[in-house]
Amino acid sequence: MDDEEARTRLLDAAEALFYADGIQAVGMDRIRAESGVPLKRLYRVFPAKEALVTAYLERRDRRWMTSLRDAAAGAPDPVAAVFDWLAQWFSEPDFRGCAFLNAYGELGAGPSGILDLVRRHKAELRALLAELAGSGRDELADQLLILVEGATAVAALDPGPAPARRAGEAAAALIGGRAH
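This structure is a prediction, so every number in the text was calculated from the model and none was measured.

(A) Up close: the overall build of the protein chain. Across its full length, the protein chain carries nine helices and zero strands. For the protein chain, the α and β elements follow one another from N to C terminus as α-α-α-α-α-α-α-α-α. Over its C-alpha atoms, taken along the principal directions, the protein chain stretches across nearly 60 × 30 × 30 Å. Among the 180 residues that make up the protein chain, the fraction classed as buried is 44%. Partitioning the intrachain contacts of the protein chain with sequence separation of at least 6 by distance along the chain shows that 68% fall at a separation of at least 24. Taken as a whole, the protein chain presents about 9100 Å² of accessible surface, with 53% of it coming from carbon and sulfur. Between the averaged position of the 22 positive side-chain charges in the protein chain and that of its 27 negative side-chain charges there is a distance of 4 Å.

Here it is in structure tokens:
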């Protein structure tokens, strides 16, 4: 096994375990056991748990944002497509809320690299919503971000599509009440 394969296996295990059980509840030994990567190689690829957490969140950000962008791209109503995408995500059997807010909730302002990643992810989400809302509609983008985040928090407690659908209805009302 080379370092690249070890990295992939470690990230796969870390993502599954961190998202399901929490970052602090999962030790490096559990990740090593789940991934099948020898301890020496684990620490060569990720010298500290913070490096593994950072890599996990970076990879999740890329995959999550790409999937959301793809769902909105070319949709007749890209804002509605965001909420349709959320409804599907909230219905996944392993849905456990926002990995970034979960990480922040566990770690707070602790490791600065992780807090920076959480902030960057939310800024990227807001930028996408601003793009979908249209030029010069920054206030609407801020409101859409609150709807997305609120729906995600509600769905974390009560999984299923309903929070996304209600937030999508609120978004449609906001957009319908404004001149384009």
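(B) Focus on helix H6 (residues 99-107). Within H6 the residues assigned to the buried category are Ala99, Phe100, Ala103 and Leu107. Mapping the buried residues of H6 onto a view down its axis gives an arc of 100 degrees, with all of them on the same face. In the stretch just after H6, glycine 108 is the one whose phi turns positive, near 55 degrees.

(C) Spotlight on the pattern of salt bridges. Across all of its chains, the model carries 13 salt bridges by this definition. In this structure, the salt-bridge partner of arginine 41 is aspartate 3, at a minimum N-O distance of 2.5 Å. Of the two residues, arginine 41 sits in helix H3 (residues 39-45) while aspartate 3 sits in helix H1 (residues 3-21), which places them 38 residues apart along the sequence. For aspartate 3, a relative accessible area of 34% corresponds to the partly exposed category. Of the charged contacts, one joins arginine 60 and glutamate 15 as a salt bridge, the two residues approaching to 2.7 Å between their closest N and O atoms. Placement of arginine 60 in helix H4 (residues 49-72) and of glutamate 15 in helix H1 is noted, with a sequence separation of 45 residues between them. Each member of the pair, arginine 60 together with glutamate 15, is buried. Residues joined in a network through salt bridges with shared partners are Asp12, Glu15, Arg59, Arg60 and Arg63.

(D) A look at helix H5 (residues 78-90). End to end, H5 covers 18 Å across 13 residues, agreeing with the expected 18 Å (1.5 Å per residue, within 8%). Every buried residue belonging to H5 is among Val79, Ala81, Val82, Phe83, Trp85, Leu86, Ala87, Trp89 and Phe90, and all of these are buried.

(E) Examining the packing of aromatic side chains more closely. Using the criterion set out here, one finds seven aromatic pairs in the structure. Measuring from ring centre to ring centre gives 5.5 Å for tryptophan 64 and tryptophan 89, while their planes differ by 75 degrees; the resulting arrangement is edge-to-face. On the criterion of sequence distance, the pair formed by tryptophan 64 in helix H4 and tryptophan 89 in helix H5 is long-range, its members being 25 residues apart. The residues tryptophan 64 and tryptophan 89 share a single accessibility class, namely buried. Their ring planes at 85 degrees and their centres at 4.8 Å tell us that tryptophan 89 and phenylalanine 95 sit as a pair that is edge-to-face. Like phenylalanine 95, tryptophan 89 is buried. The cationic tip of arginine 60 hangs over the ring face of tyrosine 19; the distance from NZ or CZ to the ring centre is 4.1 Å.

(F) Summary view of the packing of H4 against H5. The N-to-C vectors of H4 and H5 enclose an angle of 130 degrees; their axes lie 8 Å apart at closest approach. It follows that H4 is oblique to H5 by the angle criterion. Every pair of crossing elements has a handedness; the one defined by H4 and H5 is right-handed. Each of Arg60, Trp64, Ser67, Leu68, Ala71 and Ala72 in H4 lies in contact with H5, whose residues at this interface are Pro78, Ala81, Val82, Trp85, Leu86 and Trp89. Partitioned by chemical class, the residues of the contact of H4 with H5 number 10 nonpolar, one polar and one charged.

Scoring rules and cut-offs
- Counting of residues starts from 1 at the beginning of each chain's written sequence and follows it residue by residue.
- Per-residue local features are limited, in this predicted model, to residues with pLDDT of at least 70; the limit for side-chain atom pairs, both in listing and counting, is 80 or more; totals at the level of whole chains, interfaces and linings are taken over all residues.
- The side-chain numbers reported here are obtained from all heavy atoms of the structure, hydrogens and water having been left aside.
- Numbering goes from the N terminus for both helices and strands, where a helix is a DSSP run of H or I of at least four residues and a strand is a run of E of at least two.
- Burial here depends on accessible area, computed with a 1.4 Å probe over protein chains only, as a share of the maximum for the residue type. Under 20% is buried, over 50% is exposed, and the range in between is partly exposed.
- Residue contacts are defined here by distance: any two heavy atoms, one from each residue, within 4.5 Å place the two residues in contact.
- For the area figures, the Shrake-Rupley method with a 1.4 Å probe applies, and any residue is considered shielded solely by the protein chains shown.
- Charged residues are defined here as Lys and Arg on the positive side and Asp and Glu on the negative side; His and the ends of the chain fall outside this count.
- Where a charge sits is defined by one atom per residue type, namely NZ (Lys), CZ (Arg), CG (Asp) or CD (Glu).
- By construction, the arc corresponds to the directions joining the helix axis to the C-beta atoms.
- The term salt bridge refers to a pairing of a side-chain nitrogen on Lys or Arg with a carboxyl oxygen on Asp or Glu at a separation within 4 Å.
- Each residue after the first adds 1.5 Å to the expected span of a helix.
- To pair, rings of Phe, Tyr and Trp, with the six-membered ring standing in for Trp, must have centres within 6.5 Å; the planes then decide the type, stacked if under 30 degrees apart, edge-to-face if over 60, and tilted in the middle.
- Two conditions define a charge sitting above a ring: the NZ of Lys or the CZ of Arg must be within 6 Å of the ring centre, and it must be within 35 degrees of the ring normal.
- All axes here are fitted lines through C-alpha atoms, helices being fitted over the stretch that makes contact, and every angle between N-to-C directions spans 0 to 180 degrees.
- Orientation is classified from the angle alone, with under 35 degrees giving roughly parallel, over 145 giving roughly antiparallel, 65 to 115 giving roughly perpendicular, and any other angle giving oblique.
- Crossings are classed by handedness, with left-handed meaning an anticlockwise turn of the near helix from the far one by less than a right angle and right-handed meaning a clockwise turn.
- Amino acids are sorted into nonpolar (Ala, Val, Leu, Ile, Met, Phe, Trp, Tyr, Cys and Pro), charged (Asp, Glu, Lys and Arg) and polar (every other residue, Gly among them).

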